[in-house]
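Structural overview for review
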Amino acid sequence: MSKCSEFAVFKVPKKNKARVIELSLSIFKEMNSNGAVIIAHEILQKTDDENELCWHLTWVSEKAAKETTAKWPSFPSTKEFQSLVGDNVYYGHFIGALYT
C-alpha cells in the first residue's frame with residue numbers, strides 16, 4: 001500500500017489565520033484519534049499571498065485518506081474551522097507516479 005499526499009488550499013482572512021492554524025492542528029489530531037492515519041503534516045503559507053494557507057498531509061494510504069476525509073463533518077473542530085475560512089481554493093489527493 002503506498003502513501004497518499006493531500007493538498008488543500010484555503011483563503012483565510014488575516015484576522016482568522018492564527019485560530020485556523022490552531023484548529024488545523026486539532027483536526028489532524030482528531031483524524032488520528034483512532035490510530036495514526038496522517039503520518040506527516042505541514043501548514044504552509046503562500047509566498048505571494050499571506051491569506052492563502054495550505055495543508056500538506058501525508059496519509060498512510062489512499063484508502064485511509066478517503067475513509068477519514070469522508071468523516072470531515074463529524075470532527076469537533078470542523079465547523080469552527082469552516083466558519084473562519086473564506087474560501088476552499090483547492091483540494092486533492094495524490095499518489096506516486098512511476099515512469100519507466
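Since this is a predicted model, take the numbers as computed values, not measurements. (Residues numbered from 1 in each chain as written. Predicted model: local features only at pLDDT ≥ 70, side-chain atom pairs only at ≥ 80, totals over all residues. Heavy atoms only, no water.)

**Observations concerning the packing of aromatic side chains**
Test applied: Aromatic rings from Phe, Tyr and Trp, taking only the six-membered ring of Trp, are treated as a pair when their centres fall within 6.5 Å; an angle between ring planes under 30 degrees marks them as stacked, one over 60 as edge-to-face, and anything in between as tilted. The way it works is that DSSP assigns letters per residue, a run of H or I at least four long becomes a helix, a run of E at least two long becomes a strand, and they are numbered from the N terminus. Under the scheme applied here, a residue whose accessible area is under 20% of the maximum for its type counts as buried, over 50% as exposed, and between as partly exposed, the area being computed with a 1.4 Å probe on protein chains only.
Across all of its chains, the model carries seven aromatic pairs by this definition. Arranged with centres 5.2 Å apart and planes meeting at 65°, the rings of Phe-10 and Trp-55 form a pair that is edge-to-face. With Phe-10 in strand β1 (residues 4-11) and Trp-55 in strand β3 (residues 49-59), the pair connects residues that are 45 residues apart, well separated along the chain. No difference in accessibility class separates Phe-10 from Trp-55, as the two residues are buried.

**Details of helix α1 (residues 17-31)**
Note the threshold: Helices are assigned an expected span. That span is 1.5 Å times one less than the residue count. Working note: the arc is built from the helix axis to C-beta atom directions. Every residue pair with non-hydrogen atoms within 4.5 Å of one another is taken to be in contact.
For α1, which comprises 15 residues, the first-to-last C-alpha distance of 21 Å matches the rise-based estimate of 21 Å (1.5 Å per residue) to within 8%. Residues Lys-17, Val-20, Leu-23, Ser-24, Ile-27, Phe-28, Glu-30 and Met-31 constitute the buried set of α1. Along the axis of α1, the buried residues cluster in a sector spanning 155°; they form a single face. Exposed residues on α1 whose side chains face more than 90 degrees from its buried face are Ala-18 and Lys-29. Contact partners of the buried residues in α1: β2 (38-46), β3, α2 (62-69) and α3 (78-84).

**Focus on the pattern of salt bridges**
Definition in use: By salt bridge we mean one thing: a side-chain nitrogen of Lys or Arg within 4 Å of a carboxyl oxygen of Asp or Glu.
Evaluated as defined, the whole model comprises nine salt bridges. When the shortest N-O distance is used, the salt bridge between Lys-11 and Asp-49 registers 2.7 Å. A residue pair is termed long-range when its members are at least 10 positions apart, and Lys-11 in strand β1 and Asp-49 in strand β3 qualify at 38 residues. On the basis of relative accessible area, Lys-11 is assigned to the partly exposed category, the value being 29%. Measuring nitrogen to oxygen at the nearest pair gives 3.2 Å for the salt bridge that ties Lys-66 to Glu-62. Of this pair, Lys-66 and Glu-62 are both found in helix α2, four residues apart, which corresponds to roughly one turn of the helix.

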